[in-house]
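# Remarks on the overall topology
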Amino acid sequence: MDISQLKKSADLSYDTAVAKRNALEKAHARQIIVYREHIFRADPQTICLVRTLKETNDTFFVLDTNSNPVEITDPTGFLSKLIERNQETLNAYHQTQQTFTKKGA
Amino acid sequence: MSRGVLLFCFDTEHTRYHRLLEKCVHLIGKNLELPITVITDHDTFNKIKPLGFINYKFIEPERGNTKMGKSWNNADRHMAYELSPYDTTLVMDIDYFCFTDNLLQFMDTGHDFLIPDQAHDLTDRENLQHRKWSMVPMVWATVFIFKKGEKSRMIFEMIKYIKKHYSYFNKLYRIFSSNLRNDYVFAIALQQLGGFVGYDKFPFALSTLPPDCEIVEMTDNGIAWKHNDQINFIEQQDVHVLNKEVADV
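Residues numbered from 1 in each chain as written. Chains lettered and ligands numbered in written order. Predicted model: local features only at pLDDT ≥ 70, side-chain atom pairs only at ≥ 80, totals over all residues. Heavy atoms only, no water.

## Section: the packing of aromatic side chains
Note the threshold: Side-chain rings of Phe, Tyr and Trp (the six-membered ring for Trp) are treated as a pair once their centres are within 6.5 Å; stacked means planes under 30 degrees apart, edge-to-face means over 60, and tilted covers the remaining angles. Numbered from the N terminus, helices here are DSSP runs of H or I no shorter than four residues, and strands are runs of E no shorter than two. Buried means the residue's accessible area, taken with a 1.4 Å probe over protein chains only, is under 20% of the maximum for its type, while exposed means over 50%, and partly exposed covers the values in between. The criterion for a charge sitting over a ring is simple: Lys NZ or Arg CZ within 6 Å of the ring centre, and within 35 degrees of the ring normal.
Within this structure, the stated rule accounts for 20 aromatic pairs over all chains. Seen from their ring centres, phenylalanine 40 of chain A and phenylalanine 78 of chain A are 5.0 Å apart, and the 65 degrees between their planes marks the pair as edge-to-face. Taken together, the positions of phenylalanine 40 of chain A in strand S2 (residues 38-41) and phenylalanine 78 of chain A in helix H3 (residues 75-102) put the pair 38 residues apart, joining distant regions of the chain. Phenylalanine 78 of chain A matches phenylalanine 40 of chain A in its accessibility class, with the two residues each being buried. Summarising the aromatic geometry, the rings of tyrosine 168 of chain B and phenylalanine 169 of chain B are spaced 5.2 Å apart at their centres and angled 75 degrees between planes, so their arrangement reads as edge-to-face. Members of the aromatic cluster, joined through ring pairs, are Tyr81, Phe113, Phe144, Phe146, Phe156 and Phe186 of chain B. Here the basic side chain of lysine 148 of chain B rests over the ring of tyrosine 81 of chain B, its NZ or CZ set 5.5 Å away from the ring centre. Positioned above the aromatic ring of tyrosine 199 of chain B is the side chain of lysine 201 of chain B, whose terminal nitrogen or guanidinium carbon lies 5.3 Å from the ring centre.

Encoded structure:
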């Protein structure tokens, strides 16, 4: 294999790594939601916590991103919003990933 | 409760900031749909093309500050509280381009003041970690939201105090650059007023294109840039562009 092909492959790997990092950052920014005047991140930890607490409680407290306690009085609605936003962002991330897979990265 | 965006725009002999304003306003109208007030001077205003229903307020900018040897009229941000006609105000640099509606939801939080303290380098070189250039945890005054009230009023009073005595605070916090940077002024004010403990922040990093990135295209959805002979792009993500030549794209 000649060196130009290796360089091309290295460049593609680098481009893919940068694009993935940017796409992930974009997903993280989009995962933030405001619910009843408080800021949350629709990440796996929040989703799992809300789902776990919801199993045994009709209302409960969680911390927002600035560590303020927030009473959740509508766990079903809140969980639904979290999941919807989480999947919206990961779907977009997946599409970016697919673009690079097609390029051979 | 009124809500809106406050922008500062002053042309200099080197940079046609009004061209940035035109792009910035277009994207705010498309993605945030909030009323806009522009703080400017008459010379700049005369060059701005018609932008629709925009509220203009005229001031004479404080001059004398520089960045990389060029004039930099950035010293009026401390007056945002008095200049804003809104109850909840989103203040943005005009080189911050909203390709999403992500910021809109923060207009409805219970927080009096929100500002980001992280930046994400879109070229993945991590060269925006400014913590090592001072003794104060950095914030990015590129974008912030405040609600009018006692807490925000005190924050701006503190900002004015820090700005007035900036040469002292610049040395106290061992800030590498001696010119006035709002990022440091705001960071010091928030740290001092917060009792050196903490303050509320946006939980995201500002996606930023460093100054050495040449902007090759900008559309309503995103931006493409050239760096090290490589062209890259991002869509549906708000971007802070440090290369002011974006005005000519």
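So that's the structure; there's more coming.
## Here we look at the packing of helix H1 (residues 3-30) of chain A against H3 of chain A
Residue and element names in this part refer to chain A. Inclusion rule: Fitting a line to C-alpha atoms yields each axis, with helices limited to the stretch in contact; the angle taken between N-to-C directions then spans 0 to 180 degrees. Angular relationships are summarised with four words: roughly parallel below 35 degrees, roughly antiparallel beyond 145, roughly perpendicular across 65 to 115, and oblique for the angles in between. Crossings are classed by handedness, with left-handed meaning an anticlockwise turn of the near helix from the far one by less than a right angle and right-handed meaning a clockwise turn. Contact criterion: two residues are considered in contact whenever any of their non-hydrogen atoms come within 4.5 Å of each other. Note that Gly is not counted as nonpolar here; it falls among the polar residues with everything else outside the nonpolar set of Ala, Val, Leu, Ile, Met, Phe, Trp, Tyr, Cys and Pro and the charged set of Asp, Glu, Lys and Arg.
In contact at an axis separation of 9 Å, H1 and H3 are set at 170 degrees when each is read in the N-to-C sense. In terms of orientation, H1 and H3 fall into the roughly antiparallel class. The interaxial crossing formed by H1 with H3 has right-handed handedness. Contacts from Asp15, Thr16, Ala19, Lys20, Ala23, Leu24, Ala27 and Arg30 of H1 reach H3 at Arg85, Glu88, Thr89, Tyr93, Thr96, Gln97 and Phe100. Partitioning the contact of H1 with H3 into residue classes produces 6 nonpolar, 4 polar and 5 charged.

## Thoughts on the side chain of asparagine 102 of chain B
The line we're drawing: In protein, a polar contact requires one atom able to donate a hydrogen and another able to accept it; more generally it is a pair of N or O atoms within 3.5 Å, and residues adjacent in sequence count only if both atoms are side-chain atoms.
Topologically, asparagine 102 of chain B is positioned in the loop between strand S7 (96-97) and strand S8 (113-114). For asparagine 102 of chain B, a relative accessible area of 9% gives the class buried. A distance of 2.7 Å separates a polar atom in the side chain of asparagine 102 of chain B from a polar atom in the side chain of arginine 30 of chain A. When near neighbours in sequence (up to four residues on either side) are disregarded, asparagine 102 of chain B contacts Ala29 and Arg30 of chain A together with Gln237 and Asp238 of chain B.

## Digging into the packing of helix H4 (residues 150-164) of chain B against helix H6 (residues 182-193) of chain B
Describing two packed helices takes the angle between their axes plus the distance from one axis to the other. Residues and elements named next belong to chain B. In the contact formed by H4 and H6, the axes pass within 9 Å of each other and the chain directions differ by 120 degrees. Between H4 and H6, the angle is such that the two are oblique. As H4 packs across H6, the resulting crossing turns out to be right-handed. Only Val185, Phe186, Ile188, Ala189, Leu190, Gln192 and Leu193 of H6 make contact with H4, whose side of the interface consists of Met154, Ile155, Phe156, Met158, Ile159, Ile162 and Lys163.

## Side note on the sheet that holds strand S12 (residues 214-218) of chain B
Paired through backbone hydrogen bonds, the strands of a sheet run either parallel or antiparallel to each other. Using the following cut-off: Paired strands are those between which DSSP finds at least two bridges.
Reading across from one edge, S12-S13-S14 (chain B) is the order of the 3 strands in this open sheet, with antiparallel pairing throughout. Edge positions in the sheet fall to S12 and strand S14 (230-235) of chain B, since each has one partner strand and no second. For this sheet, the mean inter-axis angle between neighbouring strands, taken without regard to orientation, is 25 degrees. Looking at chain direction, strand S13 (residues 222-227) of chain B and S14 of chain B are connected through 6 bridges and run antiparallel. When the sheet's bridge partners are listed, glycine 222 of chain B is paired in S14 of chain B with glutamate 235 of chain B. In the packing of H1 of chain A onto the sheet, contacts are made with S13 and S14 of chain B, and the angle to S14 of chain B comes to roughly 20 degrees.

## As for H4 of chain B
All names here are of chain B. We apply this condition: To estimate how far a helix should reach, multiply one less than its number of residues by 1.5 Å. The directions from the helix axis to the C-beta atoms form the arc being described.
The first and last C-alpha atoms of H4 sit 21 Å apart over 15 residues, in line with the 21 Å expected at 1.5 Å per residue. Taken together, the buried positions of H4 are occupied by Ser152, Ile155, Phe156, Met158, Ile159, Ile162 and Lys163. When H4 is viewed along its axis, its buried side chains cluster within an angular range of 155 degrees and face the same direction. Buried residues along H4 sit in contact with helix H3 (80-83), S8, strand S10 (143-147), helix H5 (166-172) and H6.

## Topic: the environment of phenylalanine 106 of chain B
As for its placement among the helices and strands, phenylalanine 106 of chain B is situated in the loop between S7 and S8. On the accessibility criterion, phenylalanine 106 of chain B (2% relative accessible area) is buried. Considering only alpha carbons, one finds phenylalanine 106 of chain B and leucine 90 of chain B, 16 residues apart in sequence, at a separation of 8.9 Å. Sequence-distant contacts of phenylalanine 106 of chain B, that is, excluding residues within four places in its chain, are made with Ile32, Val34 and Ile39 of chain A together with Leu114, Ile145, Phe202, Pro203 and Phe204 of chain B.

## Things to note about the nonpolar core
The following threshold applies: Nonpolar core, defined: a set of buried Ala, Val, Leu, Ile, Met, Phe, Trp, Tyr and Cys residues in which side-chain atoms within 4.5 Å join the residues together.
Core analysis: the biggest nonpolar cluster contains 89 residues, and Leu7, Met92, Leu103, Phe186 and Ile223 of chain B have the highest contact counts within it. In this structure isoleucine 223 of chain B touches Phe99, Leu209, Ile215, Glu217, Met218, Asn232, Phe233, Ile234, Val239 and Val241 of chain B, once residues within four positions along its chain are discounted. In terms of nonpolar packing, the next biggest core, distinct from the first, is built from 13 residues, Tyr35, Val62, Val70 and Phe78 of chain A among them.

## Regarding the sheet that holds strand S6 (residues 88-92) of chain B
Residues and elements named next belong to chain B. If you walk across this open sheet you meet the 6 strands as S3-S2-S1-S6-S10-S8, and the pairing is mixed. Only two strands of the sheet have a single partner each, and these edge strands are strand S3 (54-58) and S8. Where strand S1 (residues 3-9) meets S6, 5 bridges bridge the pair, whose relative direction is parallel. Each residue of the ladder has a partner; that of leucine 7, found in S6, is methionine 92. Against the sheet, helix H1 (residues 17-31) makes contact with S1, strand S2 (36-40), S3 and S6, and its axis sits at roughly 165 degrees relative to S1, the strand it touches most.

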